[in-house]
Amino acid sequence: VSGGIHSEITLSAMSILCSLSMQVTRHAFDPKLISGGLVPPQIETIGEGVMVGFEVLSTLYSGGEMSFPLSKIQIASAHIIISSITAMLVGLKPVIYLHEDDAARNTSYSIRNDIIEALTTSTVVGKVIAFLASSPISLNLIKSKSSVKE
C-alpha cells in the first residue's frame, strides 16, 4: 500500500481488509462459493492482504527506533491492521477444522501458519506490536505524573 501508515488510502484498504477478515468464516461456508471453488482463492487473497498489513506496521520502526503514531490516520491504521490480523486468525480456525473441502482447509492452515510465523519471527513486527500494546499505559502514566506536578 503506497504511502505507508500515514495514508488515507492505506486506512481505507486496511478497513476493507478488516471487514473481509471478519467475514472469512461465513464466506468460507457459503454454498455458492464452495460450489464455484472460490473459497481457497478468497482466503489466499485476504491472507496476502494481512501480510501487507505487517509490512505497513513495520514502517513505524526505522533506524532502530519506534515512532509513535501521531495522527488519527496512523492510529486508526495501526488499530485496523491489528484487528485484521486477529480477525483472520479467529476466522480461519473453524475453516481449518470443519471445512469439507481439502483445498480450503489446506489454504487456511497455510495462511494461519504464515501469520503466526510473521508474528513470531519478525523482530520489527514484534517490537511494533509490543510498543503499540504498551503505549496506552505509558501515556496514562505520563498524564498522571504531569497532573501530580501541577
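You'll find the structure just up there.
A few points on the structure.

Parameters and conventions
Residues numbered from 1 in each chain as written. Predicted model: local features only at pLDDT ≥ 70, side-chain atom pairs only at ≥ 80, totals over all residues. Heavy atoms only, no water. Helix = DSSP H or I, 4+ residues; strand = E, 2+ residues; numbered from the N terminus. Buried < 20%, exposed > 50% of the residue type's maximum accessible area, 1.4 Å probe, protein only. Contact = heavy atoms within 4.5 Å. Areas by Shrake-Rupley, 256 points an atom, 1.4 Å probe, with all protein chains shown as cover. Core = buried A, V, L, I, M, F, W, Y, C linked by side-chain atoms within 4.5 Å.

**Section: the overall build of the chain**
Across its full length, the chain holds seven helices and two strands. In the chain, the succession of helices and strands from N to C terminus is α-α-α-α-β-β-α-α-α. A buried classification covers 33% of the 150 residues belonging to the chain. Excluding contacts between residues fewer than 6 apart, the proportion of contacts in the chain whose partners are at least 24 apart in sequence is 75%. When the accessible surface of the chain is totalled, it reaches about 8700 Å², and 61% of it is carbon and sulfur.

**Digging into the nonpolar core**
Counting residues in hydrophobic clusters, the biggest one holds 31 residues, and the most contacted among them are Ile-43, Leu-57 and Met-88. Elements with a contribution of two residues or more to this core: helix H1 (8–22), helix H2 (24–28), helix H4 (39–58), helix H5 (72–98), helix H6 (102–121) and helix H7 (123–149). Of the residues forming this core, the biggest block, eight residues, is contributed by H5. Residue contacts for Ile-43: discarding those within four places in its chain leaves Val-24, Ala-28, Met-88, Leu-92, Val-95, Ala-104, Thr-107, Ser-108 and Ile-111.

Keep in mind these values describe shape, not function.
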